[in-house]
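Okay, here's what each chain looks like letter by letter:
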Amino acid sequence: MDQTFMKEKPILPLLLSMAAPMILSMLVNSLYNIIDSIFVAQISEDAMTALSLVFPIQNFVNSVAVGFGIGINVMIAFCLGAGDQLHAHKAASQGFFLSIIHGILLSITGILIMPSFLKLFTHSENILSLGLRYSNIVLLFSIIIHAEITFEKYFQAMGMMVVSMLSMLCGCILNIILDPILIFGLGPFPRLGIEGAAIATGIGQCSTLLIYILFYIMKKPPVKIHRNLLRPEKKICARLYGVGIPAALNMALPSFLVSALNAILASFSQTYVVVLGVYYKLQTFLYLTANGMIQGMRPIMSYNYGAKESARVRKIYLMTFEIVVGIMAVGTVICFMVPQTLMSMFTNNPETLTEGAIALRIICAGFIASSVSVVSAGAFEALGKGIQSFLISFLRYVVVIIPAAFVLSKTVGVHGVWHAFWIAEIITAVIAFILYYQLIGKSGKKLTKF
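Only a predicted model underlies this, so the values are computations on that prediction, with no experimental measurement involved.

Q: I'm lost on the environment of I245 in this one. Help?
A: Position of I245 among the secondary structure elements: in helix 9 (residues 234-266). A sequence separation of 33 residues divides I245 from V278, and the C-alpha atoms of the two residues are 28 Å apart.

As structure tokens, then:
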């Protein structure tokens, strides 16, 4: 399969053809996450709270898988653009081996620390029990998650986005079908409650991995995973982790943020913890749509960077940015106009609905500004500039928002936490633009070697 189309095809149709399958799969995945939460919320509000508290650790496991997968993705695409087939094979082979090791370590560590982690945020024995029953099952599938996501990024690096889309869609659809069956015990199946949600998720992930393996066997992609190339090499690992570690930290930072904000919000009322959990379910639907564009952009940008097409790299960035701004504008309008309707999908508690509507209207003020940070961070990853990408995310999720949330919660009350979101987005957007301009500049000729 010839990948030269990534530097020859007009940018807009190329970007859309690469991003559309990812956007569709991201939308279905977001829909699954929302439906999963809706079903869990029908068990009890305690069950929904338990999922919100488990989310940071669950998200951290996924973040490591996705972040390291991005390192694999970028290196494969860059090597293909530079015509270096051997190093593309090495990146795929060694990346897959290391990702499996990560999955094993995170599965064991996550299960061991979860009881102590949950006790930091709740004294309710029921919430603690629900959280452990859910997390102990979900974390067992960490190895499957890492293998699955490695294949996802591997196929995307070669422009095979439809393979990634079909595999992800099948897993998500199976999850959606199994959720009510296993949670509520439909037909011959026993009522498993919150454990049913966890098992449905695991089965969906296994099915996605199986489909990726079948595609790998049948499609015979140009980059192979070779047994004799599995042994990690210093140079390959340096390049994989050079992008993968900052990317993983970028993905994990929201988990840290949620934990910090949960601690602040819990001092007011458990209601606000639920509101934050619901907000992150909703914003996932929006930001994963934007992330679909980033996933489409990343291999194209890496390939063209490897092929030394600097001007084209800059045009790809600008085109992606314009599209993401449009996505965020739509999200802003929806959250501002019908916030209570969105919240009512997850709870019928009048206090939660009222406070949730207030939160959504305040937070959405920063959506459009966040486009600069989201696209710039993705572009820096594509160019092998992991440190710059991490700096943007670190500012966005830690340096600005957490102190602002703490100070504003003490001065203006709990709503100050929501105001911290848009303040952080605007400050980070300004810094992200400065970093982008310093690296790429007006002409796109400031790019340096990967």
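Q: Please clarify how the nonpolar core should be interpreted in this entry.
A: Soluble globular proteins: nonpolar side chains tend toward being buried together. In this structure, I76, F155 and W418 are the most contacted members of the largest nonpolar core, which totals 145 residues. The greatest single-element share of this core, amounting to 20 residues, is contributed by helix 10 (residues 270-306). With residues up to four places along the chain from it excluded, the contact list for W418 reads L265, Y272, V275, L276, A359, I362 and I363. In terms of nonpolar packing, the next biggest core, distinct from the first, is built from 8 residues, A65, V66, I70 and I149 among them.

Q: I keep staring at the packing of helix 3 (residues 45-81) against helix 4 (residues 85-119) and nothing clicks. Help me out?
A: The description of two packed helices rests on the angle between their axes and on the distance between the axes. Their axes nearest at 10 Å, the elements helix 3 and helix 4 cross at an angle of 175 degrees. Taken together, the axis directions place helix 3 and helix 4 in an arrangement best described as roughly antiparallel. Across the contact of helix 3 with helix 4, the residue classes break down as 23 nonpolar, 5 polar and no charged.

Q: I would appreciate a short explanation of helix 9 in the present structure.
A: Within an α-helix, residues lying three or four positions from one another point in the same direction, as the helix has 3.6 residues per turn. In a regular helix each residue adds 1.5 Å, so 33 residues correspond to 48 Å; helix 9 covers 45 Å between its end C-alpha atoms and thus fits that length. Considering bend angle alone, the principal kink of helix 9 is centred on M251 and spans about 30 degrees; proline P254 follows within four residues of it.

Q: Honestly, the packing of helix 9 against helix 10 in this entry has me stumped. Any pointers?
A: Across the interface, helix 9 lies against helix 10 with an axial gap of 8 Å and an inter-helix angle of 150 degrees. By the criterion of interaxial angle, the relationship of helix 9 to helix 10 is roughly antiparallel. Together, L257, V258, L261, N262, L265 and A266 of helix 9 and Y272, V273, L276 and Y280 of helix 10 make up the contact between the two elements. Within the contact of helix 9 with helix 10, the residues separate by chemical class into 9 nonpolar, 1 polar and no charged.

Q: Would you mind going over the side chain of S99 with me for this structure?
A: Structurally, S99 is set in helix 4. Taking the relative accessible area as the measure of exposure, S99 reaches 1% and is therefore buried. The contacts of S99, once residues within four sequence positions are left out, are F68, H146 and T150.

Q: What exactly am I supposed to notice about the packing of aromatic side chains here?
A: Centre distance and the angle of the planes are the two values used to describe a pair of aromatic rings. Counted according to the given criterion, the structure contains 18 aromatic pairs. Arranged with centres 6.0 Å apart and planes meeting at 50 degrees, the rings of Y154 and Y216 form a pair that is tilted. Taken as a pair, Y154 in helix 6 (residues 142-157) and Y216 in helix 8 (residues 194-219) lie far apart in primary sequence, 62 residues in all. We note R361 situated over the ring of F336; from NZ or CZ to the ring centre the distance is 5.5 Å.

Q: Mind showing me how you'd approach helix 5 (residues 125-138) here?
A: Counted at 1.5 Å a residue, the expected span for helix 5 with its 14 residues is 20 Å, and the 20 Å between its end C-alpha atoms agrees. Among the residues of helix 5, those classed as buried are I127, L128, L130, G131, L132, Y134, S135, I137 and V138.

Q: Where do I start with the pattern of salt bridges in this structure?
A: A side chain with one charge can pair with a side chain of the opposite charge if their charged atoms come near. On inspection of all chains with the given rule, the structure shows 5 salt bridges. A salt bridge links E233 to K90, with the nearest nitrogen and oxygen atoms 3.2 Å apart. One end of the pair, E233, is in the loop between helix 8 and helix 9; the other, K90, is in helix 4, and 143 residues separate them in sequence. A relative accessible area of 30% means that E233 is categorised as partly exposed. Here K90 falls in the buried class, since its relative accessible area comes to 14%. R133 serves as the salt-bridge partner of E195, at 2.8 Å between the closest nitrogen and oxygen. Of the two residues, E195 is situated in helix 8 and R133 in helix 5; the sequence distance between them amounts to 62 residues. For R133, a relative accessible area of 33% translates into the label partly exposed.

Reading guide: rules and limits
- Residues numbered from 1 in each chain as written.
- Predicted model: local features only at pLDDT ≥ 70, side-chain atom pairs only at ≥ 80, totals over all residues.
- Heavy atoms only, no water.
- Helix = DSSP H or I, 4+ residues; strand = E, 2+ residues; numbered from the N terminus.
- Core = buried A, V, L, I, M, F, W, Y, C linked by side-chain atoms within 4.5 Å.
- Buried < 20%, exposed > 50% of the residue type's maximum accessible area, 1.4 Å probe, protein only.
- Contact = heavy atoms within 4.5 Å.
- Axes fitted to C-alpha atoms, helices over the stretch in contact; angles between N-to-C directions.
- Parallel < 35°, antiparallel > 145°, perpendicular 65-115°, else oblique.
- Nonpolar A, V, L, I, M, F, W, Y, C, P; charged D, E, K, R; others polar.
- Expected span 1.5 Å × (residues − 1).
- Bend = angle between axes of the 7 residues up to and from the residue.
- Phe/Tyr/Trp six-rings, centres within 6.5 Å; stacked < 30°, edge-to-face > 60°.
- Lys NZ or Arg CZ within 6 Å of the ring centre and 35° of its normal.
- Salt bridge = Lys/Arg side-chain N within 4 Å of Asp/Glu carboxyl O.

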